[in-house]
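Survey of secondary and tertiary structure
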Amino acid sequence: MSDHHITTDDAWVPDACTLPTAERPLRLAEFDQFFRDAVRSVDRLSAQHLRLQLDGAAQVEETARDLTARESSCCSFFAFDLSRSGPDALALDVRVPAAHIDVLDALAQRAASVRGQG
């Protein structure tokens, strides 16, 4: 278990999110841990498209699939696509409709600020 301070500021979580409020800090902590452990770079391809370059380990892929599936179930506006271009190259593309660019902005900022704090 990490001894890093976990920020539970979920003010950027959109009204469209159906995750119960009490569970939001836990989900944010899961994303923070994922960003810290797995994200190698954060690339904003367009206002509605973010690409996270991930560590290519099988465990990272499994975690990414689980976390994005659960996130899609409460925030259905997210479109996640996980792909491999090689054995050590894993990318997570995150897309949102124009109405949720602010949420993608916040996700990108969080990923960039948390990654590498290991």
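Before any of the text, the structure's been laid out above.
Below, the structure is looked at part by part.

Conventions and cut-offs
Residues numbered from 1 in each chain as written. Predicted model: local features only at pLDDT ≥ 70, side-chain atom pairs only at ≥ 80, totals over all residues. Heavy atoms only, no water. Helix = DSSP H or I, 4+ residues; strand = E, 2+ residues; numbered from the N terminus. Expected span 1.5 Å × (residues − 1). Buried < 20%, exposed > 50% of the residue type's maximum accessible area, 1.4 Å probe, protein only. Pairing = 2+ DSSP bridges. Salt bridge = Lys/Arg side-chain N within 4 Å of Asp/Glu carboxyl O. Phe/Tyr/Trp six-rings, centres within 6.5 Å; stacked < 30°, edge-to-face > 60°.

Things to note about helix 3 (residues 101-114)
- The first and last C-alpha atoms of helix 3 sit 20 Å apart over 14 residues, in line with the 20 Å expected at 1.5 Å per residue.
- Residues Val103, Leu104, Ala106, Leu107, Ala108, Arg110, Ala111 and Val114 constitute the buried set of helix 3.

Regarding the pairing of strand 4 (residues 89-95)
- Of all 7 residues in strand 4, 5 are buried, a share of seventy percent or more.
- One ladder, built from 6 bridges, connects strand 2 (residues 49-54) with strand 4; its direction is antiparallel. Each residue of the ladder has a partner; that of Leu52, found in strand 4, is Leu92.
- Where strand 3 (residues 79-86) meets strand 4, 7 bridges bridge the pair, whose relative direction is antiparallel. If you follow Ser83 over to strand 4, its bridge partner there is Ala91.
- Connecting strand 3 to the antiparallel partner strand 4 that follows it, the hairpin turn spans 2 residues.

Points about the pattern of salt bridges
- According to the stated counting rule, one finds 8 salt bridges in the structure shown.
- One salt bridge in this structure joins Arg65 and Glu61, with 2.9 Å as the shortest N-O distance. Here the residue Arg65 and the residue Glu61 both occupy positions in helix 2 (residues 58-74), the gap between them amounting to 4 residues, near one helical turn.
- Looking at Glu61, the relative accessible area reads 18%, which means it is buried.
- The salt bridge partner of Arg70 is Asp66, with a shortest N-O separation of 3.1 Å. Pair noted here: Arg70 and Asp66 are both in helix 2, with a separation of 4 residues, about one helical turn.
- Using a relative accessible area of 41% as the deciding quantity, one classes Asp66 as partly exposed.
- One network of salt bridges, with partners in common, ties together Glu30, Asp66 and Arg70.

Topic: the packing of aromatic side chains
- One pass over the full model with this rule turns up 4 aromatic pairs.
- Aromatic pair Phe31 and Phe35: ring centres 5.6 Å apart, planes at 45°, arrangement tilted. Here Phe31 and its partner Phe35 are both found in helix 1 (residues 24-38), 4 residues apart, which amounts to about one turn of the helix.
- Between the aromatic rings of Phe34 and Phe35, the centroid separation amounts to 6.4 Å while the plane-to-plane angle is 55°, which identifies the pairing as tilted.
- By relative accessible area, which is 6% here, Phe34 ends up buried.
- Ring pairing ties together the aromatic residues Phe31, Phe34 and Phe35, which thus form one cluster.

Taken by themselves, the reported measurements are silent on function.
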